[in-house]
Amino acid sequence: MDTAYVIDTLFALFSITLIILMVPGFAMLEAGLVRTKNVSSVLTVNVMIYAVASMAFILIGFHLAFGTVETTTMSKWAFFMFQMAFVGKAINIMSGGVGERARLLPLTLFTVIMGAFIYPSAVNVSWGSDWIKGSVFDINMVDLAGSTVIHSTGGWALLAAILIIGARKGRYSGNQIRVIPASNIPLVVLGAMLLWIGWFGFNGGSVGSIATKEAADSVALTVFNTNTAGLAGAIVAGILIYLRYKLFDITMILNGALGGLVAITAGAHLFSLYDAIAIGAIGGILVVFAVPLFDKVRIDDPVGALSVHLVNGIWGTLAVGIFAADPEKGITLLGQLKGVAEIAVFVFSVSFAVIYLINKFIPFRASDEDQVQGLDVSECGLEAYPEFKRAI
Amino acid sequence: MDTAYVIDTLFALFSITLIILMVPGFAMLEAGLVRTKNVSSVLTVNVMIYAVASMAFILIGFHLAFGTVETTTMSKWAFFMFQMAFVGKAINIMSGGVGERARLLPLTLFTVIMGAFIYPSAVNVSWGSDWIKGSVFDINMVDLAGSTVIHSTGGWALLAAILIIGARKGRYSGNQIRVIPASNIPLVVLGAMLLWIGWFGFNGGSVGSIATKEAADSVALTVFNTNTAGLAGAIVAGILIYLRYKLFDITMILNGALGGLVAITAGAHLFSLYDAIAIGAIGGILVVFAVPLFDKVRIDDPVGALSVHLVNGIWGTLAVGIFAADPEKGITLLGQLKGVAEIAVFVFSVSFAVIYLINKFIPFRASDEDQVQGLDVSECGLEAYPEFKRAI
Amino acid sequence: MDTAYVIDTLFALFSITLIILMVPGFAMLEAGLVRTKNVSSVLTVNVMIYAVASMAFILIGFHLAFGTVETTTMSKWAFFMFQMAFVGKAINIMSGGVGERARLLPLTLFTVIMGAFIYPSAVNVSWGSDWIKGSVFDINMVDLAGSTVIHSTGGWALLAAILIIGARKGRYSGNQIRVIPASNIPLVVLGAMLLWIGWFGFNGGSVGSIATKEAADSVALTVFNTNTAGLAGAIVAGILIYLRYKLFDITMILNGALGGLVAITAGAHLFSLYDAIAIGAIGGILVVFAVPLFDKVRIDDPVGALSVHLVNGIWGTLAVGIFAADPEKGITLLGQLKGVAEIAVFVFSVSFAVIYLINKFIPFRASDEDQVQGLDVSECGLEAYPEFKRAI
């Protein structure tokens, strides 16, 4: 019994490390995707979120999410930290999508509220000690590592934020959509690959134990499927873009991979190899079509976070009800859909209200002048690459 | 028995994670070594290889390499993924050396064939279910983690590719060899260090089990020797370059480290501390002398892949027959040499034929104009650093 | 018993991997903080230190530090390599602070002596086979992972070096302090986050075993407290800077985090959650105030190493005597202070003497012309970003 406790603690620490590697992962990905004049501000937001959201979760959110849960199968500190490592991810998703125009002080306030209250509530009703159990709102969905609880949650908060904050200055004018190229492709690749690798801990660790033969098989299958869905998403996105433009667009290939990774997150422990390929491939397709669609309706998302995380968070949760439906165990498409819908209504409306309120007192949106000059100067007082001469 | 199964599965997942860290490792190293106008294309190739080669190996290659092997000592998914993590490495080695002039579509086709057929065949005759066992071609060499099976294999494929594709435009003219400096040294260092660390999983994981006292000692010795050979290669390369130029050339120091790491890969579990130092040091020396030699014969390899991987892949395999010869166990220099030679003949000839054939239909070599403009524009449609003003 | 041996070997390998991730961590952090003209030289120093200090420790230092210690609880190779992974860190701290003007050859010589003799001696009297045991100099302090043995040691050596080498040319003139901005903020963030994550292995691994329930709890608590102190340091530094300048300064936020991480390193296994927050927060405050203070007394430290590592190394060691005093177990503030003082006197005086001596024969300080042109050209013969046009 001690051996299982020890192994599961070590396994949790291994998973935690991989998940926290996603902090530089998100930071590098976003720093590479935005313009050089906003790179420091985007990086600061990522580090700030890790610090503030984690601390808010440690001091308030954890208790709200899990109550006085007892951990007997691994060290309680490992369990505590594993849960803490998740919280920032949901907010990272949100912050990336409002990059290049959201100011840092209101974003920090929202991070505190999201980390202390909104995210923990979503966790509580989905994974935690369920106070709505038995009621009509009871959520029974399968969501292993958070296609809904993390990715859609971040996505809905982001959608609320974009509706309030608006698009970047100059992005849409008349019928024109101005294409803004990524400023640093190596950082994009580095960040996406760190996220990809971090996902092994994210999904694998969410199985919760590796200490029996069955558990070890489940963890290994989860990690294998996670990776396979990422491969499929990358390949399919790459093929679609190549067929359309005869070019290899690495940002789309990587967004396809991330879309596949988000999609597999709800049920990576349940799928066969070919299911994982199908789910990841559809994830890649969804990203390729969603990115221009959001632009069409003028929802400005500089890093494609809605396409990757919201669309595929929903798809991945529903995919469990399609590929792994098992009514005897209560896994149904309708049950999955209900979970998606409840979290959507809760997170979107609460986030909207909170962002709206903060925005009344401390405006989220940087002024047009500050956006033109770049948020690095107005928000951070330091440029990301002060010695390089800028061409544009 | 369950405990061993659990621990070896966890150990495999740990090793897998480190090996996949080599994907951004190779990507950053190569992105740092080539000119800015080819950075996106090099990065795209690296991600494409991981996606396409892994998928080809999952769907076809694994079966070809291992047949219907039963895995009883760890989760089969962990074993499957561990083997999958290797395949891209061999192709990464090849793609790096044809950087700055090889087009992506034919490279992708070759990646499919390499991942599905060529590499798995090399694995099969060296490590797998040996259909040539007992015949005159039987390979008995010791090659723990692939000095030959991975590194030479990639190297021979690269040599075949360079012979067909030719040097970069403008690299050799008359008696002149144009020196092309690396464009981003921090990426070179980051990439090389990620490779170095990934090697611990590569070699350590290849021991196959950590679940007994003897196995744990073997894994720890393997990781220790791996690191030590890298240290020795770096130091010796640094000293040689300093003695010659009175300068500290970080690209050569790192290539020396990588040379030492490749050299130790065949027998890291067998060597004493001083053997490991000697093997790594000779690896570093070989790199320092091989790099100018390949240039002398006009084999243009922008990242030094032949010097690091082919030369030291051979050296490392032979080193087992020198430092760890044990005729009673069938470890002889001749046996090692035979393995090197057979893989050389097989991989070089098949790769040459495949690349030659693809090249007939879809030319590998980018046009002179595209090379001058950079492959990022012609192949990817996006620049790596669009906002920075270029000095050259 | 075998199972514990296996698990502790695996745990050591996991920790080693994280600690060696700190090599690219330090390298990226420092490369981002210095000017582009010195980036290659700073990177070269970091790689050189890993190679040379590790080898010196393997061949000489380990025996000096630990004598003929027998390792029965894990593979001796894992223990050997874990200890080896530490040595470079102390020298990294020192080299960062003399960046942009220290030449590489004398720095390499000092690295050999530090790795072979100075650091192992500090380890020996603090953690190792204690030949001064029972004497008046006996050090009884608690210093889990080296707030004193690593961080102060590096800091004292750095102070000695700065006193001998002097400030960068042009940094102080008359009453002016010239502010030199960091040249690459993404690298700063990447490096700091790799250090942060590496710290989990640094401190967690220093517990020495994870193989019982109590040990697993101790490791998990250590990692949890380590992270929490980093969070607190980042938050407090961020708040202080924001209150003062109404700006979010990411370099100060990260230095605050690193300060918190250094501070918790001496006793991370002993503290409660609120202690960890307090210790990390004070660490962040100390960094914010120490950075301008060192400038006031014209001690020029381009990466803030003295503020982060020396000041907080002292603070963290004393904090054990304040927050975890337990006279029955011999943990007292006085005992901690005595350890700090003895290591200070020993390391500072020996380092001063060695640097002074080396400096007599091979001057540490680059000439004014070389500093103006940048050390990359004079020391390394290659620029870090040769293709980018420089604005300053």
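Remember, predicted model here, so these are calculated numbers, not experimental data. (Residues numbered from 1 in each chain as written. Chains lettered and ligands numbered in written order. Predicted model: local features only at pLDDT ≥ 70, side-chain atom pairs only at ≥ 80, totals over all residues. Heavy atoms only, no water.)

Draft legend 1. The interface of chain C and chain B, seen in detail. Counting residues at the interface gives 54 residues for chain C, matched by 55 residues for chain B. In total, chain C and chain B occlude about 4,600 Å² of area from one another, counting both sides; carbon and sulfur atoms represent 81% of this. Of all residues in chain C, C:Trp77, C:Glu387 and C:Phe388 give up the largest surface area on contact with chain B, accounting jointly for 16% of the area buried on that side. On inspection of chain C and its partner chain B, the count reaches zero salt bridges. At the boundary of chain C with chain B, the tally comes to seven residue pairs in polar contact (both at pLDDT 80 or more). Breaking the side of chain C that touches chain B down by element, the ones donating at least two residues are α1 (2-20), α2 (22-33), α3 (39-66), α4 (76-97), α5 (104-126), α7 (185-206) and α14 (375-380) of chain C. Counted by class, the side of chain C that touches chain B contains 38 nonpolar, ten polar and six charged residues. (Contact = heavy atoms within 4.5 Å. Buried area = accessible area lost by both parts, 1.4 Å probe. Salt bridge = Lys/Arg side-chain N within 4 Å of Asp/Glu carboxyl O. Polar contact = N/O pair within 3.5 Å; in protein donor to acceptor, adjacent residues only side chain to side chain. Helix = DSSP H or I, 4+ residues; strand = E, 2+ residues; numbered from the N terminus. Nonpolar A, V, L, I, M, F, W, Y, C, P; charged D, E, K, R; others polar.)

Draft legend 2. Geometry of the packing of aromatic side chains. Counting across every chain of the model gives 72 aromatic pairs over all chains. Look at B:Phe66 and B:Phe79: their rings are 5.5 Å apart centre to centre, the planes differ by 75°, and that puts the pair in the edge-to-face class. Taken as a pair, B:Phe66 in helix α3 (residues 39-66) and B:Phe79 in helix α4 (residues 76-97) lie far apart in primary sequence, 13 residues in all. According to the relative accessible area criterion, B:Phe66 is buried, its value standing at 8%. Relative accessible area serves as the criterion here: at 17%, B:Phe79 is assigned to the buried category. Connected via pairs of aromatic rings, a cluster forms that spans A:Phe57, A:Phe62, A:Phe66, A:Trp77, A:Phe79, A:Phe80, A:Tyr119 and C:Phe224. In this arrangement the basic side chain of A:Arg244 is found over the ring face of A:Tyr245, its NZ or CZ atom lying 4.7 Å from the centre. Here the guanidinium or amino end of C:Lys213 rests over the ring plane of A:Tyr5, the centre of that ring lying 4.4 Å away. (Phe/Tyr/Trp six-rings, centres within 6.5 Å; stacked < 30°, edge-to-face > 60°. Buried < 20%, exposed > 50% of the residue type's maximum accessible area, 1.4 Å probe, protein only. Lys NZ or Arg CZ within 6 Å of the ring centre and 35° of its normal.)

Draft legend 3. Summary view of the relation of the copies chain C and chain B. Overlay of chain C on chain B (RMSD 0.0 Å): rotation 120°, translation along the axis 0.0 Å. Here the symmetry operator amounts to a three-fold rotation axis. Identified as the residue of chain C closest to the rotation axis by C-alpha distance is C:Lys389, at 3.2 Å. The two copies present different faces, since only 15% of the interface residues in chain C are matched by interface residues at the equivalent positions in chain B. (Least-squares fit on C-alpha atoms with pLDDT ≥ 70 in both.)

Draft legend 4. Spatial organisation of the packing of helix α7 (residues 185-206) of chain A against α3(B). Two elements in contact, α7(A) and α3(B), have axes separated by 9 Å at closest approach and are oriented at 20°. Taken as axis vectors, α7(A) and α3(B) run roughly parallel relative to one another. Every pair of crossing elements has a handedness; the one defined by α7(A) and α3(B) is left-handed. For the pair α7(A) and α3(B), the contacting residues are A:Ile185, A:Pro186, A:Val189, A:Met193 and A:Trp196 in the first and B:Val39, B:Ser40, B:Leu43, B:Val47 and B:Tyr50 in the second. Looking at the contact of α7(A) with α3(B) residue by residue, the classes come out as nine nonpolar, one polar and no charged. (Axes fitted to C-alpha atoms, helices over the stretch in contact; angles between N-to-C directions. Parallel < 35°, antiparallel > 145°, perpendicular 65-115°, else oblique. Left-handed = near helix turned anticlockwise from the far one by under 90°.)

Draft legend 5. Fine view of unusual backbone geometry. Its identity is not glycine, yet B:Lys246 carries a phi of approximately 55°, on the positive side. The residue B:Lys246 is located in the loop between α8 (213-245) and α9 (250-264) in this model.

Draft legend 6. Representation of the pattern of salt bridges. This structure, assessed with the given rule, holds 24 salt bridges over all chains. For B:Arg171, the salt bridge goes to B:Asp295, with nearest N and O atoms at 2.7 Å. One end of the pair, B:Arg171, is in the loop between α6 (147-165) and β1 (172-173); the other, B:Asp295, is in helix α10 (residues 273-296), with 124 residues separating them in the sequence. You can call B:Arg171 buried: its relative accessible area is 8%. Exposure remark for B:Asp295: the relative accessible area of 14% places this residue in the buried category. Connected via shared salt-bridge partners are A:Arg35, A:Glu100, A:Arg168, A:Arg171, A:Asp295 and A:Asp300.

Draft legend 7. Structural context of the interface of chain C and chain A. Between chain C and chain A, the contact holds 55 residues from the first and 54 residues from the second. Between chain C and chain A the total buried area reaches about 4,700 Å² when both faces are included, carbon and sulfur atoms providing 82% of it. Interface area lost by chain C to chain A is led by C:Pro186, C:Phe224 and C:Phe248, which between them contribute 15%. At the boundary of chain C and chain A, one finds zero salt bridges. Summed over the shared surface of chain C and chain A, the number is seven residue pairs in polar contact (both at pLDDT 80 or more). The element that contributes the greatest number of residues to the side of chain C that touches chain A is helix α8 (residues 213-245) of chain C, accounting for 15 residues.

Draft legend 8. Representation of the environment of C:Ser121. Topologically, C:Ser121 is positioned in helix α5. Taking the C-alpha atoms as reference, C:Ser121 lies 9.5 Å from C:Phe66; in sequence the two are 55 residues apart.

Draft legend 9. Quick peek at the relation of the copies chain C and chain A. Mapping chain C onto chain A calls for a rotation angle of 120° and an axial translation of 0.0 Å; the resulting RMSD is 0.0 Å. Comparing interface residues between copies, only 15% of those in chain C also lie at the interface in chain A; the contact surfaces differ.

Draft legend 10. Broad picture of the environment of C:Val308. Residue and element names in this part refer to chain C. Considering the arrangement of structural elements, one finds valine 308 in helix α11 (residues 305-323). Along the primary structure valine 308 and serine 152 are separated by 156 residues, whereas in three dimensions their C-alpha atoms are 9.7 Å apart. Excluding residues that lie within four positions of it along the chain, valine 308 makes contacts with Asn255, Leu258, Gly259, Val262, Val287 and Gly313.

Draft legend 11. Representation of the packing of α7(C) against helix α9 (residues 250-264) of chain C in the model. Residue and element names in this part refer to chain C. Their axes nearest at 10 Å, the elements α7 and α9 cross at an angle of 15°. With respect to α9, the element α7 is oriented roughly parallel. Pair α7 / α9 crosses with left-handed handedness. Every residue of α9 that contacts α7 at Ile185, Val188, Val189, Ala192, Leu195, Trp196, Trp199 and Asn203 is listed here: Ile250, Thr251, Leu254, Ala257, Leu258, Leu261, Val262 and Ile264. The residue inventory of the contact of α7 with α9, partitioned by class, reads 14 nonpolar, two polar and no charged.

Draft legend 12. Spatial organisation of the side chain of A:His309. Residues and elements named next belong to chain A. Inspection of the secondary structure puts histidine 309 in helix α11 (residues 305-323). At a separation of 2.9 Å, a polar atom in the side chain of histidine 309 contacts the side chain of histidine 151. Apart from the residues lying within four places of it in its own chain, the contact partners of histidine 309 are Phe26, Ile93, His151, Ser152 and Val262.

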